[in-house]
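Structural description and commentary
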Amino acid sequence: MSPFRQLLMSRIRLFLREPAAVFWVYAFPLVMVFSLGTAFRSQPVERVLVDVVRNSHAAEAAQALAESRLFRVTITDLPEAQRRLRIGRTELIVEKPHADPASVRYTFDPTRPGSLVARNAADDILQRAAGRRDVLAVTDIRSIQPGGRYIDFLIPGLIGMGLMGGGMWGVGFATVDLRIRKLLRRLLATPMKRSHFLGAMIISRMLFTIPEVFIIVLISRWFFSVQVQGDLSALFVVILGGAIQFSGIGLLVASRATTLETVSGLMNAVMIPMWIASGIFFSPDRFPDYLQPAIACLPLTPLIATLRQVMLEGAGLADITIGLGTIFTWGIVTFLLALKLFRWQ
Amino acid sequence: MTAISVSGLRKTYPGRPPVEAVRGIDLTVRRGECFGVLGPNGAGKTTTIEILEGLLSPTAGRVEVFGMSWDTQADEIRQVIGISLQETRLAEKLSVLETVTLFRSFYRNGLEPHEAIRRVGLEDKTDAWIRDLSGGQKQRVAVATALIGRPQLLFLDEPTTGLDPASRRDLWGILTDFRSSGGTILLTTHYMDEAERLCDRVAIIDQGRILALDSPRQLIRALQADHVIELQVRPEGSDLSFLTDLESVEQVRDDGEAVCLSVAEPHIAIPRILEQLASRGLKLTGLTTRQASLEDVFVQLTGRHLNDRLPDRPPDSGG
Ligand SMILES: Nc1ncnc2c1ncn2[C@@H]1O[C@H](COP(=O)(O)OP(=O)(O)OP(=O)(O)O)[C@@H](O)[C@H]1O
Ligand SMILES: [Mg+2]
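What comes next concerns the included structure.

Things to note about the packing of aromatic side chains
Residues and elements named next belong to chain A. Evaluation of the coordinates by the stated rule reveals 10 aromatic pairs over all chains. Relative to Phe-223, the ring of Phe-34 has its centre 5.0 Å away and its plane inclined at 70 degrees; by these criteria the two rings are edge-to-face. With a gap of 189 residues between them, Phe-34 in helix α2 (residues 19-40) and Phe-223 in helix α8 (residues 194-224) connect regions that are remote in the sequence. With relative accessibility at 32%, the residue Phe-34 sits in the partly exposed group. A ring pair is formed by Trp-169 and Phe-173, whose centres lie 5.4 Å apart and whose planes are at 20 degrees; its orientation type is stacked. Pair noted here: Trp-169 and Phe-173 are both in helix α6 (residues 150-180), with a separation of 4 residues, about one helical turn.

Quick word on the coordination of the magnesium ion (ligand 2)
Residue and element names in this part refer to chain B. Taken together, the protein donors to the magnesium ion (ligand 2) comprise Thr-46 (OG1) and Gln-86 (OE1), at separations of 1.8 to 2.1 Å. Taken together, the residues Thr-46 in helix α1 (residues 45-52) and Gln-86 in the loop between β5 (81-84) and α3 (96-105) connect sequence positions 40 residues apart. A residue is classified by how much of its surface remains accessible, and Gln-86, at 40% relative accessible area, is partly exposed.

A few points about empty space enclosed by the protein
In total, this model carries 3 cavities of 30 Å³ or more according to the counting rule given. Considered as a void within the structure, the largest cavity measures approximately 170 Å³ in volume. Lining the largest cavity are 15 residues, and of these Ser-10, Leu-178, Leu-183 and Leu-187 of chain A together with Leu-102 of chain B sit closest to its centre. It is helix α1 (residues 3-16) of chain A that provides the largest number of residues to the lining of the largest cavity, a total of 4 residues. In terms of residue class, the lining of the largest cavity is made up of 12 nonpolar, 2 polar and 1 charged. Approximately 90 Å³ is the volume found for the second largest cavity. Taken together, Leu-223, Gln-224, Ala-225, Val-228, Glu-250, Gln-251, Arg-253, Ser-262, Ala-292, Asp-296, Val-299 and Gln-300 of chain B form the lining of the second largest cavity. At the level of elements, β11 (249-254) and α10 (294-302) of chain B are the ones that each hand at least two residues to the lining of the second largest cavity. Here the residues of the lining of the second largest cavity sort into 5 nonpolar, 4 polar and 3 charged.

What counts as what
- Residues numbered from 1 in each chain as written.
- Chains lettered and ligands numbered in written order.
- Predicted model: local features only at pLDDT ≥ 70, side-chain atom pairs only at ≥ 80, totals over all residues.
- Heavy atoms only, no water.
- Phe/Tyr/Trp six-rings, centres within 6.5 Å; stacked < 30°, edge-to-face > 60°.
- Helix = DSSP H or I, 4+ residues; strand = E, 2+ residues; numbered from the N terminus.
- Buried < 20%, exposed > 50% of the residue type's maximum accessible area, 1.4 Å probe, protein only.
- Donors = N, O, S within 2.8 Å, 3.2 Å for Na, K, Ca; no water.
- 1 Å grid on protein atoms, 1.4 Å probe; cavity = no way out; pocket = protein on both sides within 12 Å on 5 of 7 lines; lining within 4 Å.
- Points joined across faces, edges and corners; volume = space filled by probe spheres on them.
- Nonpolar A, V, L, I, M, F, W, Y, C, P; charged D, E, K, R; others polar.

Below you can see the structure in the form of structure tokens.
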């Protein structure tokens, strides 16, 4: 049987015989998707908390606010209401002064969006209750956009993160482990082709990472209705590229390390900037302009951007050639560099 | 026909201070022979054999394997040699068959994996994971991976270190079979009985140099005194160096447990020794005689035992 196939099958066997590794590769991303998905799923709008200061007009104001079904109202003394505002237990304090029932005083924190919205909504209700007439006829159209929710934004980020972690840890750790055992040296003493060995390291990893990522796509579709707007073949090519890209980077990072500590340190040093800045959890646009060129150079940035183009904006292969080119170039260049730099003993 | 020829081989590991592990070795291994490299820890055995295997590059010197050079024909050489390193931990969760099959795939032609496993006597462990084998069985898998490519030349670095006597004898049997089918072996060891038993010729090396190179029998015969008498006397620790003056006694050495005399003709020496001890009032509590071994050759050459620890700073012998 061909040496490449034998090397590949050995890697696959070794992976499957490591139950802990299998668990982490498949379970961890799913745990992430479920926990973050549940936390950030769009929920029915909750009632806003409002405090009404206790006095003879309090009951009347509280009733008007409560009837609107927008607010959950608590009647309390002013100092207590102020304390609750400070610790975020209420968004707004409404006070109708005892002496002047024809006025109303709002205390709120204008830097808190919820607070400001509550003030304006409460004001509308109290003004109408006091007899104000609106002059425009209003029609509200409530339109929830597919792909516009945070979870829709998040899933491509998590896929990118999975491709990065899977490739880097999988290839990097396995490589250094073989080096420590001096198995690399033993293989080097045979006529084995070095490119076969390194190719098998990368491809075996991809065989596990790609299904892992498709499981994320399926699960997020079933449970959180995250749709893929573009075509699946384009998505597949991007994911393939990402798997190659980060296996290559993992191999490069591990190409000279001789201990597991060194390789974990290097891996973290390489991955942490990408976790933060490449747009897994929030758009990289939030960073200041002068950082943008650096962020664009991180290998995870184009991967996640391209994933979002396909999943959220419905881009096809023709629309993402630049992104794909960057991704595959990363993979190929790092593989060739690793082949050159690789320390076999 | 030569299998290996080496001349002027040197290896200095860079560092502070640099380590001169090999300081000028010349040797020739003939096709079909079993050649032993015998030496204590740190002598430079592994360094030498790994240069011959193409795993290390020499600082200076020329190495040819079947007339080919590592610089230009590495792949060709690798097709015809088989290797067992001093220390390899094969993948724990592959079975014996999977491991041997993997190695088989690297060679143009070779044994059928089951045949290699049979040769090292592991048929009943064919499907066991490497993790679940004993040390001796793992060593046999290592030898199976060395044999799998039908090599003409086997390199074995301390193949029997850590094995029990029965496993050592099994391995010796495997190597003897390999030789009788025309193979060449180069092995390192620090067991002199192994070298005496297996090797046609032995190079005794210490501190990176060859001290002697010949067949085990010739090396022993070259000792002027090829018998050893071990004495125990009371009071313990008495200085017996006066025995050197006796006829036929070549050397007296206190080993701690016994005093060892190198003797050419025991039947002449023993009566005189007894006489001398009695006349000095020393009481003899033990006496054994044996044929000299390679160990004694080594002791004579270096003044140390094979398994003694090296002095912390080896005396720089002019190199
Ligand atoms: N990679 C290295 N870097 C620096 N020094 C080394 C290296 N490898 C070996 N040495 C030194 O070179 C000398 C010879 O080592 P070598 O491993 O060849 O000895 P050996 O005869 O195989 O010993 P043993 O019987 O313990 O296996 C030793 O002093 C050792 O400390
Ligand atoms: Mg050694």
